[in-house]
Amino acid sequence: MRVDQQLRLDEQLLLFMDQLEALEEKRHKLNSLIEEGWFSIAKARYSMGNKQVSALQYASEMEPLVYVETSVLEGRTAEFKCERKENKTEELKSNTIEDIGAKETISGLRRRINTIQKGVREEDQETDPQVKTKAESSTPEHRDPLKWFGILVPQNLKQAQSAFKEVITLAAEIASLQSAIIATRKEMQAQTKEQQQKTEKTQPEMKNE
């Protein structure tokens, strides 16, 4: 029984050390990406000018392009996942195109029937503009934040954007790993305490013998 408990404790300790090592690597990568991103922004400001890369170019209305989804796993550990809005936008656009095709097919059949029965005018034979207007308005517009700074932005600004995108994903991974480390440490402490209590109980019995 003691051997099994000691093995479980050793496994938890090895897992804890692996998690700490992974956390250290991710933090180092996070700091490197942040430095790389700011350095790229500094290069872009040098080539474009300080006023061309600043908060003055921000859009008047901004919407988040990245959402963080949280979930609780087994062992009461929290998991954080980043979901980008452009992925949802592409799905909605494809669904909208299918809806438009279905509506155009139905409206085309109706026009044919009306042409045979009543003789519809040529204006009515064209695609209903209201269907297109509703479909286009229902499709969310996604604008790259790089467009705030101009159409042809330098490569340094694109590198800064890609670096900070990776920073967001990496920050979510670090948060998830930190939650797992806290859960592992609590489990180790509980197992160590249980083992100490059992050891204290067995010592008086051995003395009495």
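Being a predicted model, the structure only gives us computed values, none of them experimental.

1. Topic: the overall build of the protein chain
Next up, step 1: Broken down by element type, the protein chain carries five helices and two strands.
Next up, step 2: Ordering the α and β elements of the protein chain from the N terminus gives α-β-β-α-α-α-α.
Next up, step 3: A burial count over the protein chain gives 22% of its 209 residues as buried.
Next up, step 4: In the protein chain, of all internal contacts separated by at least 6 residues, the share reaching a separation of at least 24 is 70%.
Next up, step 5: With an accessible surface of roughly 16,200 Å², the protein chain has 53% of that area assigned to carbon and sulfur atoms.

2. Focus: the nonpolar core
Next up, step 1: By size, the foremost hydrophobic cluster in this structure holds ten residues: Phe-16, Leu-23, Leu-30, Leu-33, Val-167, Leu-170, Ile-174, Leu-177, Ile-181 and Met-188.
Next up, step 2: Counting residues per element, this core draws most heavily on helix H5 (residues 155–208), which supplies six residues.
Next up, step 3: Setting aside residues up to four positions removed in sequence, Leu-30 forms contacts with Val-167, Leu-170, Ala-171 and Ile-174.
Next up, step 4: Of all hydrophobic cores here, the second largest spans eight residues; its members include Val-53, Phe-149, Val-153 and Leu-157.

3. Observations concerning the environment of Leu-177
Next up, step 1: Looking at the element boundaries, Leu-177 is found in helix H5.
Next up, step 2: In sequence terms Leu-177 and Phe-80 are 97 residues apart; their C-alpha atoms lie 9.3 Å from each other.
Next up, step 3: The contact partners of Leu-177, leaving out residues within four places of it in the chain, are Gln-19, Ala-22, Leu-23 and Lys-26.

4. As for a nonpolar patch on the surface
Next up, step 1: On the surface, Leu-13, Met-17 and Leu-20 cluster together into a nonpolar patch covering about 250 Å² of accessible area.
Next up, step 2: Mapped onto the fold, Leu-20 is located in helix H1 (residues 2–48).

5. Observations regarding the environment of Ala-160
Next up, step 1: Mapped onto the elements, Ala-160 comes out in helix H5.
Next up, step 2: Residues Ala-160 and Lys-43 lie 117 residues apart in sequence; the distance between their C-alpha atoms is 9.7 Å.

6. Re the environment of Lys-147
Next up, step 1: Here Lys-147 shows up in the loop between helix H4 (129–138) and H5.
Next up, step 2: Along the chain, Lys-147 and Ala-59 lie 88 residues apart, while their C-alpha atoms are 9.6 Å from each other.

7. Things to note about the pairing of strand S1 (residues 66–72)
Next up, step 1: Bridge count between S1 and strand S2 (residues 78–84): seven bridges; the pairing is antiparallel. The partner of Glu-69 across the bridge, within S2, is Lys-81.
Next up, step 2: Between S1 and S2, which pair antiparallel one after the other, the connecting turn spans five residues, and Gly-75 there sits at a positive phi close to 85°.

8. What to know about the packing of aromatic side chains
Next up, step 1: Within this structure, the stated rule accounts for two aromatic pairs.
Next up, step 2: Ring geometry for Trp-38 versus Phe-164: centroids 5.7 Å apart, planes at 80°, classification edge-to-face. A residue pair is termed long-range when its members are at least 10 positions apart, and Trp-38 in helix H1 and Phe-164 in helix H5 qualify at 126 residues.
Next up, step 3: Consider the rings of Tyr-58 and Trp-148, whose centres lie 5.8 Å apart with planes at 55°: the pair is tilted. Taken together, the positions of Tyr-58 in the loop between H1 and S1 and Trp-148 in the loop between H4 and H5 put the pair 90 residues apart, joining distant regions of the chain.

What counts and how
- Residues numbered from 1 in each chain as written.
- Predicted model: local features only at pLDDT ≥ 70, side-chain atom pairs only at ≥ 80, totals over all residues.
- Heavy atoms only, no water.
- Helix = DSSP H or I, 4+ residues; strand = E, 2+ residues; numbered from the N terminus.
- Buried < 20%, exposed > 50% of the residue type's maximum accessible area, 1.4 Å probe, protein only.
- Contact = heavy atoms within 4.5 Å.
- Areas by Shrake-Rupley, 256 points an atom, 1.4 Å probe, with all protein chains shown as cover.
- Core = buried A, V, L, I, M, F, W, Y, C linked by side-chain atoms within 4.5 Å.
- Patch = residues over 30% accessible without salt bridge, like charges linked within 9 Å, V, L, I, M, F, W, Y side chains within 5 Å.
- Salt bridge = Lys/Arg side-chain N within 4 Å of Asp/Glu carboxyl O.
- Pairing = 2+ DSSP bridges.
- Phe/Tyr/Trp six-rings, centres within 6.5 Å; stacked < 30°, edge-to-face > 60°.

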